[in-house]
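As a plain string of letters, each chain reads:
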Amino acid sequence: MPKENSLIKTGIVGISGYSGCTALEILLKHSHARVTYVSANNTTGPVAEIWPKLNGLTDLVCDKYTPEKAIEKCDVVFLAVPHTIAMDIAPALLKAKKKVIDLSADYRLKTAGEFTKWYTAEHKDK
């Protein structure tokens, strides 16, 4: 097992949804990651109350998302948010030199035009 200070500090934005919960379950078992930050837009409180199946597995508390906290607490941030939301969040994290893993469709396609074609919304972060 790696030393605590060598673990990758990981955050999840969108913990209250299925993708966020699944990412958390995987990361809690990962031998090289430590989840240091979880957030959601409208859900706050102990993760074990949000997801009772995680009772006893984590003492994390979900806060409302702020880029400052994510930047301060994480090396890598998973975005488990609805389509078109990640493009509002990712730029600040990337500017702060954080790694971002987007689980939505916002950065899945190669061009902004392809995104518009498939999702009928303009991509804000070309």
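Now for a description of the structure that goes with this document. (Residues numbered from 1 in each chain as written. Predicted model: local features only at pLDDT ≥ 70, side-chain atom pairs only at ≥ 80, totals over all residues. Heavy atoms only, no water.)

## Looking at the overall build of the protein
Alright, step 1. Looking only at helices and strands, the protein has 5 helices and 6 strands in total.
Alright, step 2. Shown N-terminal to C-terminal, the secondary structure of the protein runs as helices and strands in the order β-α-β-β-α-β-α-β-α-β-α.
Alright, step 3. In summary, the protein has a C-alpha radius of gyration of 15 Å against a globular reference of 14 Å for 126 residues, a match within 12%.
Alright, step 4. Referenced to the eigenvectors of the C-alpha coordinate spread, the extents of the protein come out at roughly 45 × 30 × 25 Å.
Alright, step 5. Accessible surface, the protein: about 7,700 Å² in total, of which carbon and sulfur atoms supply 55%.
Alright, step 6. Across the protein, the mean location of the 17 positive side-chain charges is 4 Å away from that of the 14 negative side-chain charges. (Helix = DSSP H or I, 4+ residues; strand = E, 2+ residues; numbered from the N terminus. Rg over C-alpha atoms; globule rule 2.2 N^0.38 Å. Areas by Shrake-Rupley, 256 points an atom, 1.4 Å probe, with all protein chains shown as cover. Lys, Arg positive; Asp, Glu negative; His and termini not counted. Charge placed at Lys NZ, Arg CZ, Asp CG, Glu CD.)

## Structural notes on the sheet that holds strand 5 (residues 76-79)
Alright, step 1. Taken together, 6 strands build an open sheet; the order of strands is 3-4-2-1-5-6 and the sheet is mixed. The open sheet has two free edges, formed respectively by strand 3 (45-46) and strand 6 (99-102), since each of these has just one partner strand.
Alright, step 2. Sheet analysis places strand 1 (residues 8-13) next to strand 5, joined by 4 bridges and oriented parallel. Within strand 5, the residue paired with Val 13 across the bridge is Leu 79.
Alright, step 3. The sheet strands contacting helix 1 (residues 18-29) are strand 1, strand 2 (33-40) and strand 5, and the helix crosses strand 1 at an angle near 165°.
Alright, step 4. Sheet strands in contact with helix 4 (residues 86-95) are strand 1, strand 5 and strand 6, and its direction is about 175° off that of strand 5. (Pairing = 2+ DSSP bridges. Contact = heavy atoms within 4.5 Å. Axes fitted to C-alpha atoms, helices over the stretch in contact; angles between N-to-C directions.)

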